[in-house]
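The residues making up each chain are set out below.
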Amino acid sequence: MMVLEADVNLEGLNTPNETDKPIMAHPPAIYSDNSFQEWLDTVLNSSSRGIKLDFKSIKAVGPSLDILLKKSSEVKINRPLWLNADILMGPNVPINTAVNASLFLSLIQEKYPNCTLSPGWTTLYSSWFPNKTYTQKMIQEMHSIVRTQPQRVTFPVRAVMVRLAWPHFSWLLAQSERYSLTLWQGKTDPITVEDLLFIRDNSQAEQIYYDIYDPVLSQFKEAALKSPRKRFYYPGGNLLDYFHPTDADGLWIEWHGIDHDKNMLETFSVLKDESGMIALDIALQNSTRGNLIPVALYPSAGLPLQQCLDTVFRHLNPCGVYLNITEPRALPPTLELLSTLYTQNLLWNPVWISMAVSFGSFKTPGYIQGEEFLTAINTIFPYVTIAPAWPREVLRAGYTDPLVEDMLTLCKDLWQQVSFQLEAAPLSRSWLATTKLLEVSPNYTITVYHGYLESSYCDGFPGLRSLRTHTQKRVYYKISRQCRNALVVDV
């Protein structure tokens, strides 16, 4: 999509000569021989491109929308129309110059709602000084302002700052199917092709627009279409964005190593020809140097987690790791290893951290406290999908309302992707309450686990069938291929 972008200001703004005439001018200019009316007439008569209007003053918004409304009564404006203003204070800005957010949005709803909203943040960037990026607070505040607006929303974001803030933008995009990002580049911003590839690899194509200068834009397009290439994936992102399964159905994501019927080296051998999630049980063992390190368990010995991750990351086929932490003391060193790899730009695959936890109505001796589990993740390495499970001892009656409600209470302040781990056999005894897990947040998913070595397919089938019949969205199935094929036939 090609868009014509233009700055709109008010003639003589904040001077004795101020009028109510909108003009095409970028601050500090407040005079122009090109009025908004003239510019709009010319564009509608000579081009079919979309229009993006950047309002530099709240005073210019109302008169401009009046002109748009009058023009739309005379001719059909049959093209995309974006209305932009920086309505919040953003990174590195010492003085708040943002346009009044509530007035900007109310004027649009009152005068010209047939548009795409483009609300942004004021920003500054200089390669000569240290720069901060968008914060979680900035992004959550923006969402709280626009969440009730009926229009589609594209957030203009300074591209050079986006990669470092991607965990928060990933959260933002997950909040509504109406949301997208428009990446823009300041004239001297050192945006790289790798930055753009990272953003593309972690989003849907329709979620990102590019307002980027050549030659970087052309180089990015060429690189993005090259196949095969190593993808730059945010480890805490949505699995659907990484694996792209048929019909966006989590059932078709493969899981390897879940039945422990192969040793770890055999499990890793499948990566040569297949993709999917590698499930690893993690514990602590003494290394050859005598210190305790996280290892992946399999029948004969423990393979160092570092070695496992190196093996996974070497393969071009899409693959992620599911780390089931089997003892509380293994959690901090596992997260520290992940943090080190991430800092070294070596961690580009999905990473899930799972533990059965103790909390509220499922408080159980011998399990890590739920608050301790979440605090460790958020303190040491938060860029993962959090996959909490209930202790087996509390599941005799299945997944009851108190168990579900208390798990939601535990996770209510999380901004990460969260996938609640459900065992198929207990789910067969009581499953209806688990549907609440998908209602609270778009960042929440369910993962259903069933292993042939623990119980028969018949034991788990009623739970698998009930959930599969209820919804095919935002549910993953950590089951063998044989079990999956049986489920497809039976449902």
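Preceding block: the structure.
Let's talk about the packing of aromatic side chains
Under the criterion given, the structure shown has 28 aromatic pairs. Both rings, one in Phe36 and one in Trp39, keep their centres 6.4 Å apart while their planes meet at 20°; by these two values the pair is stacked. Within this pair, Phe36 and its partner Trp39 are both found in helix 1 (residues 36-46), separated by three residues, close to a single helical turn. For Phe36, a relative accessible area of 0% translates into the label buried. Their ring planes at 70° and their centres at 5.9 Å tell us that Phe198 and Trp348 sit as a pair that is edge-to-face. With Phe198 in helix 7 (residues 193-201) and Trp348 in the loop between helix 12 (331-343) and strand 14 (351-358), this residue pair connects regions lying 150 residues apart in the sequence. Note on accessibility: Phe198 and Trp348 belong to one class, buried. Ring pairing ties together the aromatic residues Phe359, Phe362, Trp390, Tyr399, Phe420 and Tyr444, which thus form one cluster.

Some thoughts on the nonpolar core
Formed by 73 residues in total, the largest nonpolar core has its most connected members in Leu53, Leu68, Leu83, Phe104, Trp121, Phe155 and Phe169. If we ignore the near neighbours within four places in the chain, the residues touching Leu53 are Ala6, Val8, Phe36, Trp39, Leu68, Leu81, Trp82, Leu83 and Asn84. Core analysis: the second largest hydrophobic core is formed by 66 residues, Val351, Met407, Val418 and Leu487 among them.

Remarks on the pairing of strand 16 (residues 385-389)
Most of strand 16 sits out of view: five of its five residues are buried. The side-chain alternation of strand 16 yields two buried faces, one formed by Thr385, Ala387 and Ala389 and the other by Ile386 and Pro388. In terms of strand pairing, strand 14 meets strand 16 through five bridges, oriented parallel. Residue pairing across strands places Ser354 opposite Ala387, the latter belonging to strand 16.

Things to note about the packing of helix 12 against helix 13 (residues 370-380)
As a packed pair, helix 12 and helix 13 sit with axes 9 Å apart at the nearest point and diverge in direction by 25°. As judged from the angle between their axes, helix 12 and helix 13 are roughly parallel. Once helix 12 is placed against helix 13, the crossing between them reads as right-handed. Note on element contacts: helix 13 touches helix 12 through Phe373, Ala376, Ile377 and Ile380, opposite Leu331, Pro332, Leu335, Glu336 and Ser339. Residues belonging to the contact of helix 12 with helix 13 are distributed by class as follows: seven nonpolar, one polar and one charged.

Analysis parameters
- Residues numbered from 1 in each chain as written.
- Predicted model: local features only at pLDDT ≥ 70, side-chain atom pairs only at ≥ 80, totals over all residues.
- Heavy atoms only, no water.
- Phe/Tyr/Trp six-rings, centres within 6.5 Å; stacked < 30°, edge-to-face > 60°.
- Helix = DSSP H or I, 4+ residues; strand = E, 2+ residues; numbered from the N terminus.
- Buried < 20%, exposed > 50% of the residue type's maximum accessible area, 1.4 Å probe, protein only.
- Core = buried A, V, L, I, M, F, W, Y, C linked by side-chain atoms within 4.5 Å.
- Contact = heavy atoms within 4.5 Å.
- Pairing = 2+ DSSP bridges.
- Axes fitted to C-alpha atoms, helices over the stretch in contact; angles between N-to-C directions.
- Parallel < 35°, antiparallel > 145°, perpendicular 65-115°, else oblique.
- Left-handed = near helix turned anticlockwise from the far one by under 90°.
- Nonpolar A, V, L, I, M, F, W, Y, C, P; charged D, E, K, R; others polar.

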